[in-house]
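The primary structure of each chain is shown beneath.
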Amino acid sequence: MGAMTIDDLKNVRLSEASRRYLGIYLKLSDLYGEVTDITGLIYHPESVDRINEGFTEALSKLHNEAMKLFVISVEEYINDLDNHTEL
């Protein structure tokens, strides 16, 4: 099975906030691939990672923060469900 896409999220049973945070996470993943492809147009493949190092580090931090927001959102949704007598 391939990587999850933003379109796949339409059928995932998540809160709106959780779904959107996960969508941001996926968009950031797509950016990494896009920048790698663009850099590969100019430089030799063995140089791409070195040239993109700063971008990759910054994107990794954003990726981690988006995942933290997603997890917090899921936890809040579950806590909200726990406060109801019916699920």
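Residues numbered from 1 in each chain as written. Predicted model: local features only at pLDDT ≥ 70, side-chain atom pairs only at ≥ 80, totals over all residues. Heavy atoms only, no water.

> Just checking my understanding: could you explain the overall build of the chain for this structure?
Along its length, the chain carries three helices and zero strands. Counting from the amino terminus, helix and strand elements in the chain follow one another as α-α-α. For the chain, with 87 residues in total, the buried portion stands at 18%. Put simply, of all contacts in the chain between residues at least 6 apart along the chain, 50% involve residues at least 24 apart. Carbon and sulfur atoms make up 56% of the accessible area of the chain, which totals about 7000 Å². (Helix = DSSP H or I, 4+ residues; strand = E, 2+ residues; numbered from the N terminus. Buried < 20%, exposed > 50% of the residue type's maximum accessible area, 1.4 Å probe, protein only. Contact = heavy atoms within 4.5 Å. Areas by Shrake-Rupley, 256 points an atom, 1.4 Å probe, with all protein chains shown as cover.)

> Hey, could you run me through helix 1 (residues 16-42) in this one?
Under the 1.5 Å per step criterion, the end-to-end length of helix 1 is 40 Å for 27 residues, consistent within 8% with the ideal 39 Å. Within helix 1, burial applies to Ser18, Leu22, Gly23, Leu26, Leu28 and Thr39. (Expected span 1.5 Å × (residues − 1).)

> Help me understand a nonpolar patch on the surface in this model?
The grouping of Ile38, Leu41, Ile42, Tyr43 and Ile51 at the surface amounts to a nonpolar patch, some 520 Å² of accessible area in total. A total of three residues in the nonpolar patch trace back to one element, the largest contributor, which is helix 1. Looking at where Ile51 falls in the secondary structure, it is placed in helix 2 (residues 45-51). (Patch = residues over 30% accessible without salt bridge, like charges linked within 9 Å, V, L, I, M, F, W, Y side chains within 5 Å. Salt bridge = Lys/Arg side-chain N within 4 Å of Asp/Glu carboxyl O.)

> Whenever I open this one, the pattern of salt bridges confuses me. Can you help?
Any two side chains of opposite charge can pair, given that their charged atoms come close. Taken as a whole and judged by the stated rule, the model has two salt bridges. Of the charged contacts in the structure, one is a salt bridge between Glu16 and Arg19, with a shortest N-O distance of 3.2 Å. Here Glu16 pairs with Arg19, and both are found in helix 1, just three residues apart, close to one helical turn. Owing to a relative accessible area of 46%, Glu16 belongs among the partly exposed residues under this scheme.

> How do you make sense of the side chain of His63 when you look at a structure like this?
Mapped onto the elements of the fold, His63 is located in helix 3 (residues 53-82). In this structure His63 comes out as buried when scored by relative accessible area, which is 18%. Once residues within four sequence positions are removed from consideration, His63 is found in contact with Tyr25, Leu28 and Ser29.

> So what exactly am I meant to see when it comes to the environment of Phe55 here?
Along the chain, Phe55 falls in helix 3. When its relative accessible area of 33% is taken as the criterion, Phe55 is described as partly exposed. In this structure, the C-alpha to C-alpha distance between Phe55 and Thr36, residues 19 residues apart in sequence, is 10.0 Å. Beyond its immediate chain neighbours, meaning those up to four positions away, Phe55 contacts Leu31, Tyr32 and Val35.

> Sorry, what's going on with the confidence of the model for the chain here?
A low pLDDT means the predicted coordinates there should not be read in detail. On average, residues of the chain score 84 in pLDDT, and 77% of them are at 70 or above. Within the chain, helix 2 carries the highest mean pLDDT (96), whereas helix 3 carries the lowest (89). (pLDDT = per-residue confidence, 0-100.)

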